[in-house]
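Listed below, chain by chain, are the residues.
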Amino acid sequence: MIEVVVDSIRISLVSQHRIVVLKETDSERQLPIWIGPYEADAITIELQDVEMARPVTHDLLKNVISEMGGKVSHVLIKALNEGVFYASLFIDVNGEMKEIDSRSSDAIALAVRVKVPVFVNQDVMDEVGVLPEPDILQEESSSGEAPDGETLDIFTDFVDTLDFEDFDE
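Residues numbered from 1 in each chain as written. Predicted model: local features only at pLDDT ≥ 70, side-chain atom pairs only at ≥ 80, totals over all residues. Heavy atoms only, no water.

A look at the overall build of the chain
Quick reminder of the rule: Segments assigned H or I by DSSP are reported as helices when at least four residues long, segments assigned E as strands when at least two residues long, and all are numbered from the N terminus. Between buried and exposed lies partly exposed: a residue is buried under 20% and exposed over 50% of the maximum accessible area for its type, with that area taken using a 1.4 Å probe on protein chains only. Contact definition: two residues touch when any of their heavy atoms are within 4.5 Å.
Helix and strand content of the chain: six helices and seven strands. When the helices and strands of the chain are listed from N to C terminus, the series reads β-β-β-α-α-β-β-β-α-β-α-α-α. Put simply, the chain has 169 residues, and 33% of those count as buried. Taking the intrachain contacts of the chain between residues at least 6 apart in sequence as the baseline, contacts between residues at least 24 apart amount to 48%.

Here it is, written out as C-alpha coordinates:
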(Lines give C-alpha, C1' and ligand atoms only; values in the text may rest on other atoms or scores of the structure.)
Protein backbone atom coordinates (compact mmCIF):
# COMPACT_ATOMS: atom_id res chain seq x y z
CA MET A 1 0.00 0.00 0.00
CA ILE A 2 1.20 3.47 -0.90
CA GLU A 3 0.21 6.42 1.30
CA VAL A 4 -1.13 9.44 -0.57
CA VAL A 5 -2.46 12.90 0.26
CA VAL A 6 -4.96 15.08 -1.55
CA ASP A 7 -2.76 17.31 -3.67
CA SER A 8 -5.48 19.25 -5.48
CA ILE A 9 -8.94 19.23 -6.97
CA ARG A 10 -9.06 20.35 -10.58
CA ILE A 11 -11.96 21.23 -12.83
CA SER A 12 -12.31 19.75 -16.30
CA LEU A 13 -12.71 22.45 -18.93
CA VAL A 14 -14.87 20.20 -21.10
CA SER A 15 -17.34 18.81 -18.56
CA GLN A 16 -18.76 19.39 -15.10
CA HIS A 17 -16.50 16.72 -13.62
CA ARG A 18 -13.70 17.33 -11.21
CA ILE A 19 -10.46 15.46 -10.75
CA VAL A 20 -9.02 14.80 -7.33
CA VAL A 21 -5.26 14.42 -7.56
CA LEU A 22 -3.73 12.16 -4.94
CA LYS A 23 0.04 12.50 -4.49
CA GLU A 24 2.36 9.91 -3.02
CA THR A 25 3.81 11.08 0.27
CA ASP A 26 7.27 9.75 -0.62
CA SER A 27 7.52 10.78 -4.30
CA GLU A 28 6.08 13.06 -6.96
CA ARG A 29 3.88 10.37 -8.54
CA GLN A 30 0.20 11.28 -8.68
CA LEU A 31 -3.09 9.45 -9.11
CA PRO A 32 -5.85 11.46 -10.83
CA ILE A 33 -9.41 10.27 -10.15
CA TRP A 34 -12.49 11.71 -11.87
CA ILE A 35 -15.16 12.62 -9.33
CA GLY A 36 -18.45 14.49 -9.37
CA PRO A 37 -18.89 18.13 -8.39
CA TYR A 38 -20.68 17.31 -5.11
CA GLU A 39 -17.92 14.98 -3.95
CA ALA A 40 -15.32 17.57 -4.97
CA ASP A 41 -17.17 20.18 -2.92
CA ALA A 42 -17.35 17.80 0.06
CA ILE A 43 -13.58 17.29 -0.02
CA THR A 44 -12.86 20.98 -0.58
CA ILE A 45 -15.17 22.11 2.24
CA GLU A 46 -13.20 20.07 4.72
CA LEU A 47 -9.74 20.89 3.38
CA GLN A 48 -10.51 24.61 3.52
CA ASP A 49 -12.10 24.41 7.01
CA VAL A 50 -15.40 25.85 5.80
CA GLU A 51 -18.01 25.90 8.57
CA MET A 52 -21.36 24.46 7.53
CA ALA A 53 -24.60 25.30 9.37
CA ARG A 54 -25.72 21.65 9.21
CA PRO A 55 -23.80 18.42 8.61
CA VAL A 56 -23.34 17.41 4.97
CA THR A 57 -23.59 13.75 4.01
CA HIS A 58 -19.98 12.87 4.82
CA ASP A 59 -20.23 14.61 8.19
CA LEU A 60 -23.34 12.52 8.85
CA LEU A 61 -21.44 9.33 7.99
CA LYS A 62 -18.60 10.38 10.29
CA ASN A 63 -21.08 11.04 13.13
CA VAL A 64 -22.94 7.74 12.63
CA ILE A 65 -19.72 5.72 12.69
CA SER A 66 -18.61 7.49 15.86
CA GLU A 67 -21.97 7.19 17.64
CA MET A 68 -22.08 3.46 16.88
CA GLY A 69 -18.69 2.96 18.52
CA GLY A 70 -16.58 2.76 15.38
CA LYS A 71 -13.41 4.53 14.43
CA VAL A 72 -12.18 4.86 10.87
CA SER A 73 -8.66 3.46 10.67
CA HIS A 74 -7.78 4.23 7.06
CA VAL A 75 -9.04 4.29 3.50
CA LEU A 76 -7.74 2.18 0.63
CA ILE A 77 -8.15 2.76 -3.11
CA LYS A 78 -7.87 -0.94 -3.81
CA ALA A 79 -8.70 -1.63 -7.44
CA LEU A 80 -9.37 -0.23 -10.87
CA ASN A 81 -11.80 -2.21 -13.00
CA GLU A 82 -12.97 -1.00 -16.42
CA GLY A 83 -12.11 2.59 -15.57
CA VAL A 84 -13.85 2.55 -12.17
CA PHE A 85 -11.90 2.91 -8.94
CA TYR A 86 -12.94 0.74 -6.00
CA ALA A 87 -12.22 1.77 -2.44
CA SER A 88 -12.75 0.48 1.06
CA LEU A 89 -13.22 2.11 4.43
CA PHE A 90 -11.51 0.26 7.28
CA ILE A 91 -13.44 0.78 10.50
CA ASP A 92 -12.43 -0.54 13.91
CA VAL A 93 -15.52 -1.58 15.89
CA ASN A 94 -14.66 -2.85 19.37
CA GLY A 95 -11.31 -4.22 18.21
CA GLU A 96 -12.71 -5.87 15.08
CA MET A 97 -11.64 -4.38 11.74
CA LYS A 98 -14.53 -4.04 9.29
CA GLU A 99 -13.95 -3.41 5.57
CA ILE A 100 -16.74 -1.43 3.94
CA ASP A 101 -16.99 -1.05 0.15
CA SER A 102 -17.05 2.59 -0.96
CA ARG A 103 -16.75 4.87 -3.95
CA SER A 104 -13.27 6.36 -3.93
CA SER A 105 -14.58 9.94 -3.79
CA ASP A 106 -16.74 9.20 -0.74
CA ALA A 107 -13.87 7.38 0.94
CA ILE A 108 -11.56 10.35 0.39
CA ALA A 109 -14.21 12.82 1.62
CA LEU A 110 -14.63 10.80 4.81
CA ALA A 111 -10.86 10.34 5.28
CA VAL A 112 -10.19 14.09 5.21
CA ARG A 113 -12.95 14.61 7.80
CA VAL A 114 -11.71 12.02 10.26
CA LYS A 115 -8.07 12.78 9.45
CA VAL A 116 -6.94 9.24 8.62
CA PRO A 117 -4.46 8.09 6.01
CA VAL A 118 -5.44 7.30 2.44
CA PHE A 119 -3.63 4.43 0.76
CA VAL A 120 -3.52 3.21 -2.83
CA ASN A 121 -2.88 -0.40 -3.79
CA GLN A 122 0.57 -0.75 -5.39
CA ASP A 123 -0.90 -2.38 -8.54
CA VAL A 124 -3.34 0.52 -9.04
CA MET A 125 -0.62 3.14 -8.65
CA ASP A 126 1.69 1.24 -11.00
CA GLU A 127 -1.07 0.99 -13.60
CA VAL A 128 -2.40 4.57 -13.64
CA GLY A 129 -0.11 6.70 -11.49
CA VAL A 130 1.62 9.50 -13.38
CA LEU A 131 4.60 11.74 -12.85
CA PRO A 132 3.82 15.43 -13.36
CA GLU A 133 5.27 17.06 -16.46
CA PRO A 134 8.35 19.10 -15.70
CA ASP A 135 7.53 22.78 -15.57
CA ILE A 136 9.27 24.48 -18.50
CA LEU A 137 9.32 27.83 -16.70
CA GLN A 138 10.83 26.23 -13.62
CA GLU A 139 13.52 24.58 -15.76
CA GLU A 140 14.22 27.93 -17.45
CA SER A 141 14.50 29.80 -14.17
CA SER A 142 16.98 27.32 -12.77
CA SER A 143 19.22 27.28 -15.85
CA GLY A 144 18.31 30.47 -17.70
CA GLU A 145 17.76 28.43 -20.83
CA ALA A 146 15.15 26.09 -22.25
CA PRO A 147 15.82 22.34 -22.04
CA ASP A 148 17.03 22.36 -25.68
CA GLY A 149 19.44 25.23 -25.03
CA GLU A 150 17.34 28.06 -26.51
CA THR A 151 16.39 31.13 -24.52
CA LEU A 152 12.69 31.18 -23.65
CA ASP A 153 12.14 34.90 -23.66
CA ILE A 154 8.90 34.98 -25.67
CA PHE A 155 8.07 38.52 -24.67
CA THR A 156 11.39 39.85 -25.94
CA ASP A 157 10.90 38.00 -29.23
CA PHE A 158 7.44 39.56 -29.56
CA VAL A 159 8.66 43.08 -28.81
CA ASP A 160 11.46 42.69 -31.35
CA THR A 161 8.87 42.03 -34.08
CA LEU A 162 6.89 45.23 -33.43
CA ASP A 163 7.15 48.07 -35.91
CA PHE A 164 6.90 51.24 -33.79
CA GLU A 165 6.74 53.52 -36.85
CA ASP A 166 3.06 52.55 -37.18
CA PHE A 167 2.39 54.33 -33.88
CA ASP A 168 3.54 57.81 -34.94
CA GLU A 169 0.99 60.50 -34.16
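Here we look at the environment of Val 20
Take Val 20: it is sitting in strand 2 (residues 18–24). A relative accessible area of 0% means that Val 20 is categorised as buried. Spatially, the C-alpha atoms of Val 20 and Gly 36 are 9.7 Å apart, while their sequence positions differ by 16 residues.

What about the sheet that holds strand 5 (residues 84–93)?
Operational definition: Pairing between two strands is assigned when DSSP locates at least 2 bridges connecting them. Note on geometry: axes are C-alpha line fits, over the in-contact stretch for helices, and angles between N-to-C directions span 0 to 180 degrees.
Sheet architecture is open: seven strands sit in the order 3-2-1-7-4-5-6, paired in mixed fashion. Whereas interior strands pair on both sides, the edge strands pair on one side only; in this sheet they are strand 3 (30–35) and strand 6 (96–103). Here the average twist between neighbouring strands, direction ignored, is 35 degrees. Direction of pairing for strand 4 (residues 70–81) relative to strand 7 (residues 118–120): parallel, over a ladder of three bridges. Counted as the bridge partner of Val 75 is Val 118 from strand 7. Sheet strands touched by helix 1 (residues 37–47): strand 1 (2–11), strand 2, strand 3 and strand 6. Its angle to strand 1, the strand with the most contacts, is close to 110 degrees.

Description of the packing of helix 2 (residues 57–67) against helix 3 (residues 104–114)
Which entries qualify depends on this criterion: Should the near helix be turned anticlockwise from the far one by less than a right angle, the crossing is termed left-handed; should it be turned clockwise, right-handed. Each residue gets one label: Ala, Val, Leu, Ile, Met, Phe, Trp, Tyr, Cys and Pro are nonpolar, Asp, Glu, Lys and Arg are charged, and the others, such as Gly, are polar.
Two elements in contact, helix 2 and helix 3, have axes whose closest approach is 9 Å; the angle formed by their N-to-C orientations is 65 degrees. Note on packing geometry: the crossing formed by helix 2 with helix 3 is right-handed. Residue-level contacts link His 58, Asp 59, Leu 61, Lys 62 and Ile 65 of helix 2 to Asp 106, Ala 109, Leu 110, Arg 113 and Val 114 of helix 3. Here the residues of the contact of helix 2 with helix 3 are counted per class, giving five nonpolar, one polar and four charged.

A short note on the environment of Asp 59
Relative to the helices and strands, Asp 59 resides in helix 2. Look at Asp 59 and you get buried, because its relative accessible area is 16%. Sequence spacing of Asp 59 and Ala 109 is 50 residues, and the spatial spacing of their C-alpha atoms is 9.1 Å.

Looking at the nonpolar core
This is how it is decided: Nonpolar cores were defined as sets of buried Ala, Val, Leu, Ile, Met, Phe, Trp, Tyr and Cys residues, with membership established by side-chain atoms within 4.5 Å.
Among the nonpolar cores identified, the biggest contains 28 residues, and Val 4, Leu 22, Leu 31, Ile 33, Ile 77 and Val 120 are the most heavily contacted of them. It is helix 3 that provides the largest number of residues to this core, a total of five residues. Apart from the residues lying within four places of it in its own chain, the contact partners of Leu 31 are Val 20, Val 21, Leu 22, Phe 85, Val 120, Val 124, Met 125, Val 128 and Gly 129.

Observations concerning helix 1
What helix 1 keeps buried is the set Glu 39, Ala 40, Ala 42, Ile 43, Ile 45 and Glu 46. Residues of helix 1 that are buried sit in contact with strand 1, strand 2, strand 3, helix 2, strand 6 and helix 3. Of the residues one or two after helix 1, Asp 49 is the one with positive phi, at around 55 degrees.

Things to note about the environment of Lys 71
Mapped onto the elements, Lys 71 comes out in strand 4. Put simply, Lys 71 and Asp 92 are 21 residues apart on the chain and 5.2 Å apart in space, counted from C-alpha to C-alpha.

A look at a nonpolar patch on the surface
Convention followed: Residues enter patches when they are more than 30% accessible in relative terms and free of salt bridges; like-charged ones are connected within 9 Å and nonpolar ones (Val, Leu, Ile, Met, Phe, Trp, Tyr) within 5 Å. For the accessible areas, the method is Shrake-Rupley and the probe is 1.4 Å, while residue cover comes only from the protein chains on display. Every case where a carboxyl oxygen of Asp or Glu lies within 4 Å of a side-chain nitrogen of Lys or Arg is listed as a salt bridge.
There is a patch of nonpolar side chains on the surface, built from Leu 60, Val 64 and Met 68 and spanning about 310 Å² of accessible area. Along the polypeptide, Val 64 turns up in helix 2. On the basis of relative accessibility, which here comes to 37%, the residue Val 64 falls in the partly exposed class.

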